[in-house]
Amino acid sequence: MPKVSVVMSVYNQEKYLAEAIESILRQSYKNFEFLILDDGSTDKSLKIIKSFKDKRIKFFKNKERQGLAKGLNFLIGK
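Just so it is clear, the model here is predicted, and its values are computed rather than measured.

Section: the overall build of the chain
Thinking step 1. Looking only at helices and strands, the chain features 3 helices and 3 strands.
Thinking step 2. Going from N to C terminus, the chain has its helices and strands arranged as β-α-β-α-β-α.
Thinking step 3. What you see for the chain is a C-alpha radius of gyration of 12 Å, in line with the 12 Å of a compact globule of 78 residues.
Thinking step 4. Each of the 78 residues in the chain was classed as buried or not, and the buried ones make up 33%.
Thinking step 5. Long-range pairs, those at least 24 residues apart, make up 69% of the contacts in the chain between residues at least 6 apart in sequence.
Thinking step 6. Each charge sign in the chain was given a centre, from 16 positive and 9 negative side chains, and these centres are 5 Å apart.

What follows is the structure, given as structure tokens:
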């Protein structure tokens, strides 16, 4: 059972997304789950997220944008 949950809500962030995900995955502390929500992105964000094959990542997707606060609240509830 992970001791820490890292949450990230993403909307059209393809420019820095891979770098941000890699940074989280490279942390020295390893006992965490990484919850990522694609909040209805229309760029390549979804493709970038799906390119990571790490068992700590749990991915969710909104069909339509809900906004940062709703996205983070959703992830916290997982």
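Details of unusual backbone geometry
With the exception of glycine, the majority of residues adopt a negative phi angle, and the majority of peptide bonds are in the trans configuration.
Thinking step 1. Although it is not a glycine, Asn12 sits at a positive phi angle of roughly 50°.
Thinking step 2. Mapped onto the elements, Asn12 comes out in the loop between strand E1 (4–10) and helix H1 (17–25).

Focus on the packing of aromatic side chains
Thinking step 1. Here the structure, examined in full by the defined rule, presents 1 aromatic pair.
Thinking step 2. Centroid distance Phe60 to Phe74: 5.4 Å. Interplanar angle 85°. Geometry classified as edge-to-face. Linking Phe60 in strand E3 (residues 57–62) with Phe74 in helix H3 (residues 68–76), this pair joins segments that are 14 residues apart in sequence.
Thinking step 3. With a relative accessible area of 21%, Phe60 lands in the partly exposed category.
Thinking step 4. Owing to a relative accessible area of 34%, Phe74 belongs among the partly exposed residues under this scheme.
Thinking step 5. The aromatic ring of Tyr11 is capped on one face by Arg65, whose charged end is 3.8 Å from the ring centroid.

Let's talk about the nonpolar core
Thinking step 1. Formed by Met8, Val10, Leu17, Ile21, Leu25, Phe32, Phe34, Ile36, Ile48, Ile49, Phe52 and Ile57, the largest nonpolar core amounts to 12 residues.
Thinking step 2. Going through the elements one at a time, E1, H1, strand E2 (32–39) and helix H2 (45–50) are the ones with two or more residues in this core.
Thinking step 3. In contact with Phe32, other than residues within four places in its own chain, are Pro2, Val4, Val6, Ile24, Leu25 and Arg56.

Some remarks on the environment of Met1
Thinking step 1. By the secondary structure assignment, Met1 is in the segment before E1.
Thinking step 2. Residue Met1 is classed as exposed on the basis of its relative accessible area, which comes to 91%.
Thinking step 3. As for Met1 and Ala18, which are separated by 17 residues in sequence, their C-alpha atoms are 26 Å apart.

Re the pattern of salt bridges
Thinking step 1. Tallied over the entire structure, the rule returns 4 salt bridges.
Thinking step 2. Linking Asp38 and Lys61 is a salt bridge whose minimum nitrogen-to-oxygen distance equals 3.1 Å. Here Asp38 is found in strand E2, whereas its partner Lys61 is found in strand E3, with 23 residues between them in sequence.
Thinking step 3. Between Arg56 and Asp54 there is a salt bridge, with its nearest N and O atoms 2.8 Å apart.
Thinking step 4. Asp54 gets classed as partly exposed once you look at its relative accessible area, which sits at 21%.

Thresholds applied
- Residues numbered from 1 in each chain as written.
- Predicted model: local features only at pLDDT ≥ 70, side-chain atom pairs only at ≥ 80, totals over all residues.
- Heavy atoms only, no water.
- Helix = DSSP H or I, 4+ residues; strand = E, 2+ residues; numbered from the N terminus.
- Rg over C-alpha atoms; globule rule 2.2 N^0.38 Å.
- Buried < 20%, exposed > 50% of the residue type's maximum accessible area, 1.4 Å probe, protein only.
- Contact = heavy atoms within 4.5 Å.
- Lys, Arg positive; Asp, Glu negative; His and termini not counted.
- Charge placed at Lys NZ, Arg CZ, Asp CG, Glu CD.
- Phe/Tyr/Trp six-rings, centres within 6.5 Å; stacked < 30°, edge-to-face > 60°.
- Lys NZ or Arg CZ within 6 Å of the ring centre and 35° of its normal.
- Core = buried A, V, L, I, M, F, W, Y, C linked by side-chain atoms within 4.5 Å.
- Salt bridge = Lys/Arg side-chain N within 4 Å of Asp/Glu carboxyl O.

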